[in-house]
Amino acid sequence: MKFFKNLRVRAKLILSHSLIVFMTLLVAGVGVYCLILSANRMDRMQNISVACTQAVGDIMYSTADLQRVISEMISSAKKPEFLPPLEEIMHEDIARMAAAAETLYVSLPNHPDIHLYPDMIPKVEAIGALIATSGEQRQVVLDIVATGNTNQAYTTYQQTYYLTLVNIQSAAAEMRSMVETLTTADYIDCVGFNGVLGVLLVGISVLALSTGIISAITVARNIRNPIQQLVDASAQMQQGNLAVADDLTYESKDEIGVLATSMRETMRTLNDYVGEIGRTLRTIAGGDLTVADHEITDFRGDFAVIKQSLCYILENLNSTMSDIHNAAEQVNSGADQVASGAQEL
């Protein structure tokens, strides 16, 4: 605190403002960092957990829709004009299921908590193997459908492709439970993490605000209090009260401290001058005109004329008194001669 007190006013203001700017930048930096961390958590949840949940849902939907489409294609085997729209829907379902499986393959291994779910990756691999197998089985069924043999196509479908689709659905249902658990854990983690970041950001903001307020109050006190002392001392000096120099107690190496020291010394010097003038005048009033020049305090600067004036007054008074004394002696001598002459007569 003493170091801060001795700083120049400009340095105090710069230090105070720099501290406020630093705390503001700190809050802004922490805020941006918290937003980045929160965004990363949300991005992970969106691109992994939510994406995997959506992928599992797409697999389940696609397998169910493929069952419907293949059944209709078998029923329409003898009506080739109905097959193209069904084939288009079938290809869409196949593409959707393949894309969903790719999402599971790519996203799940990148999740930081995947080790907590050891059965998830094998389940994804199993679904991938079933999808690969289903492609061959589907093509066999479609080849039979192309021949128009509805009964054989339906039997082959029920014994092969349908069972594979059911197995894919069953595996996807098990995956959905695990992925939803993972997504829920990620959501809770994001909410908790964002809460911690919010508390941290609020705490740093309160700290920055408190630091700024304390800094501003400290600088204000270090400037206002000594200035108030100077104002009070100036008012006392204006009223002619020079003995209150010791009431100006502020001491520092800054500009205000230098000014306070100068005013304090000025008041003491003026008080000494007034005392010296009063003492000298009282001595003269007592009839003592023997005060020597060296016995009078030296007056500095423009006040030196006061000492010169006092010495001049003493010198003139001494000269005048000496002349009066000589005149009195002459009058006394003349009176004695007149008295002698009168007696002779």
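For every chain, the first residue of its written sequence is number 1, and the numbers climb from 1 along that sequence. Since the coordinates come from a predicted model, pLDDT governs what is reported: local features require at least 70, and pairs of side-chain atoms require 80 or more to be given and counted, while whole-chain, interface and lining totals use all residues. By convention in this description, side-chain values take in all heavy atoms of the structure and omit both hydrogens and water.

Undergrad: Help me understand the overall build of the chain, please; the structure alone is not making it clear to me.
TA: Numbering of helices and strands runs from the N terminus; a helix is a DSSP stretch of H or I covering at least four residues, while a strand is a stretch of E covering at least two. Within the chain, the secondary structure is distributed over seven helices and zero strands. From first element to last, N terminus to C terminus, the chain shows the α and β order α-α-α-α-α-α-α. Both definitions apply: the radius of gyration is a C-alpha atom measure, and the globule rule equals 2.2 Å times residues to the power 0.38. At 54 Å, the chain has a C-alpha radius of gyration far larger than the 20 Å of a compact globule built from 345 residues. Burial here depends on accessible area, computed with a 1.4 Å probe over protein chains only, as a share of the maximum for the residue type. Under 20% is buried, over 50% is exposed, and the range in between is partly exposed. Taking all 345 residues of the chain together, the buried fraction comes to 32%. Put simply, of all contacts in the chain between residues at least 6 apart along the chain, 73% involve residues at least 24 apart. Side-chain charges in the chain split into 23 positive and 38 negative, and the spacing between the mean points of these groups amounts to 4 Å. Two residues qualify as a contact provided that any one of their heavy atoms is within 4.5 Å of a heavy atom in the partner residue. Think of it this way: Lys and Arg go in the positive column, Asp and Glu in the negative one, and His and the chain ends go nowhere. By convention, charge coordinates are those of NZ in Lys, CZ in Arg, CG in Asp, or CD in Glu.

Undergrad: When you look at the packing of helix α5 (residues 150–238) against helix α6 (residues 255–285) in this model, what are you seeing that I'm missing?
TA: For the pair α5 and α6, the least separation of the axes is 10 Å and the interaxial angle reads 20°. Taken together, the axis directions place α5 and α6 in an arrangement best described as roughly parallel. In this structure, the crossing between α5 and α6 has a hand that is left-handed. Contact residues: Asn222, Ile223, Pro226, Ile227, Leu230, Ala233, Ser234 and Met237 in α5; Ile256, Leu259, Ala260, Met263 and Met267 in α6. As a rule, the C-alpha atoms of each element are fitted with a line to give its axis, helices using only the stretch in contact, and angles between N-to-C directions run from 0 to 180 degrees. Should an angle lie under 35 degrees it is considered roughly parallel, over 145 roughly antiparallel, and from 65 to 115 roughly perpendicular; all remaining angles are considered oblique. Two helices crossing with the near one rotated counterclockwise from the far one by less than a right angle form a left-handed crossing, whereas a clockwise rotation gives a right-handed crossing.

Undergrad: Explain the pattern of salt bridges to me, please; I cannot follow it from the model alone.
TA: Side chains that differ in charge, positive against negative, can pair when their charged atoms come close. Salt bridge, as used here: a side-chain nitrogen of Lys or Arg that lies within 4 Å of a carboxyl oxygen of Asp or Glu. Applying the stated criterion across every chain yields a total of five salt bridges. With a shortest N-O distance of 3.2 Å, Glu72 and Arg68 are connected by a salt bridge. Linking Glu72 with Arg68, this pair stays in helix α2 (residues 9–75), spanning four residues, or about one helical turn. Owing to a relative accessible area of 33%, Glu72 belongs among the partly exposed residues under this scheme. The partner of Lys123 in a salt bridge is Glu174, with the nearest N and O atoms 2.5 Å apart. Placement of the pair is Lys123 in helix α4 (residues 120–147) and Glu174 in helix α5, with a sequence separation of 51 residues.

Undergrad: Can you help me understand a nonpolar patch on the surface in this one?
TA: Like-charged residues are merged into a patch within 9 Å and nonpolar side chains (Val, Leu, Ile, Met, Phe, Trp, Tyr) within 5 Å, provided each residue has over 30% relative accessible area and no salt bridge. Exposure was quantified through the Shrake-Rupley algorithm and a 1.4 Å probe, taking into account, for residues, occlusion by the shown protein chains and nothing else. On the surface, Leu19, Phe22 and Leu26 cluster together into a nonpolar patch covering about 250 Å² of accessible area. Position of Leu19 among the secondary structure elements: in helix α2. What makes Leu19 partly exposed here is its relative accessible area of 32%.

Undergrad: When you look at the packing of α2 against α5 in this model, what are you seeing that I'm missing?
TA: Relative placement of two packed helices is described by the angle separating their axes and the distance separating the axes. Packing of α2 against α5 leaves a shortest axis separation of 7 Å and a crossing angle of 170°. Classified by the interaxial angle, the pair formed by α2 and α5 is roughly antiparallel. Across the contact of α2 with α5, the residue classes tally to 46 nonpolar, 17 polar and seven charged. Three residue categories are used. Nonpolar comprises Ala, Val, Leu, Ile, Met, Phe, Trp, Tyr, Cys and Pro, charged comprises Asp, Glu, Lys and Arg, and polar comprises the others, including Gly.

Undergrad: Can you walk me through the side chain of Asp186 in this structure?
TA: On the secondary structure map, Asp186 appears in helix α5. Note on Asp186: relative accessible area 2%, which makes it buried. Residues in contact with Asp186, not counting those within four places in the same chain, are Arg44, Met45, Ser49, His111 and Asp113.

Undergrad: Would you mind going over the packing of aromatic side chains with me for this structure?
TA: One pair of aromatic rings is described through two measures. These are the centre distance and the angle between the planes. Pairs were defined over the aromatic rings of Phe, Tyr and Trp, the Trp ring being its six-membered one, requiring ring centres within 6.5 Å. Orientation was assigned from the angle between planes: stacked under 30 degrees, edge-to-face over 60, tilted for the rest. Inspection of the entire model under this criterion finds two aromatic pairs. Seen in terms of ring centroids, Tyr157 and Tyr161 are 6.3 Å apart; in terms of plane orientation they differ by 55°. Their pairing is tilted. Taken together, the residues span about one helical turn, with Tyr157 and Tyr161 both in helix α5 at a distance of four residues. Each residue in the set Tyr157, Tyr161 and Tyr162 is aromatic and connected to the rest through ring pairs, giving one cluster.

Undergrad: Just to check I follow, could you spell out helix α3 (residues 83–107) for this structure?
TA: Because an α-helix packs 3.6 residues into every turn, residues spaced three or four apart end up facing the same way. Relative to the 36 Å expected for 25 residues at 1.5 Å per residue, α3 spans 36 Å between its end C-alpha atoms, a close match to the ideal helical length. Buried residues along α3 sit in contact with α2, α4 and α5. To estimate the expected span of a helix, subtract one from its residue number and multiply by 1.5 Å.

Undergrad: It is not clear to me how the confidence of the model for the chain should be interpreted in this structure. Could you clarify?
TA: Atomic detail in the predicted coordinates should be set aside for any region of low pLDDT. Within a predicted model, pLDDT stands for the predictor's per-residue confidence, ranging from 0 to 100. Across the chain, the average pLDDT comes to 81, with 92% of residues at or above 70. Ranking the helices and strands of the chain by mean pLDDT puts α3 first, with 88, and helix α1 (residues 2–5) last, with 64.

Undergrad: I keep staring at the environment of Leu281 and nothing clicks. Help me out?
TA: Following the sequence through the fold, Leu281 ends up in helix α6. Judged by its relative accessible area of 45%, Leu281 falls in the partly exposed class.

Undergrad: Quick question: what am I supposed to make of the environment of Val9 here?
TA: Counting through the fold element by element, Val9 comes out in helix α2. Here the alpha-carbon distance between Val9 and Cys311, two residues 302 residues apart in the chain, equals 45 Å. Sequence-distant contacts of Val9, defined by excluding residues within four places in its chain, comprise Ile223, Asp254, Glu255 and Ile256.

Undergrad: Sorry if this is basic, but what is going on with the nonpolar core here?
TA: Within soluble globular proteins, side chains that are nonpolar generally end up buried alongside one another. Among buried residues, the Ala, Val, Leu, Ile, Met, Phe, Trp, Tyr and Cys ones that are joined through side-chain atoms within 4.5 Å form a nonpolar core. Ile70, Leu104, Leu108, Met120 and Met175 are the most contacted members of the largest nonpolar core, which has 40 residues in total. Secondary-structure elements contributing two or more residues to this core are α2, α3, α4 and α5. In terms of residue count, α5 provides more of this core than any other element does, eleven residues in total. Filtering out sequence-adjacent residues up to four positions away, Ile70 remains in contact with Met90, Arg138, Val141, Leu142, Tyr157 and Tyr161. Within the second largest apolar cluster, twelve residues are counted, among which are Ile223, Ala245, Tyr250 and Met263.

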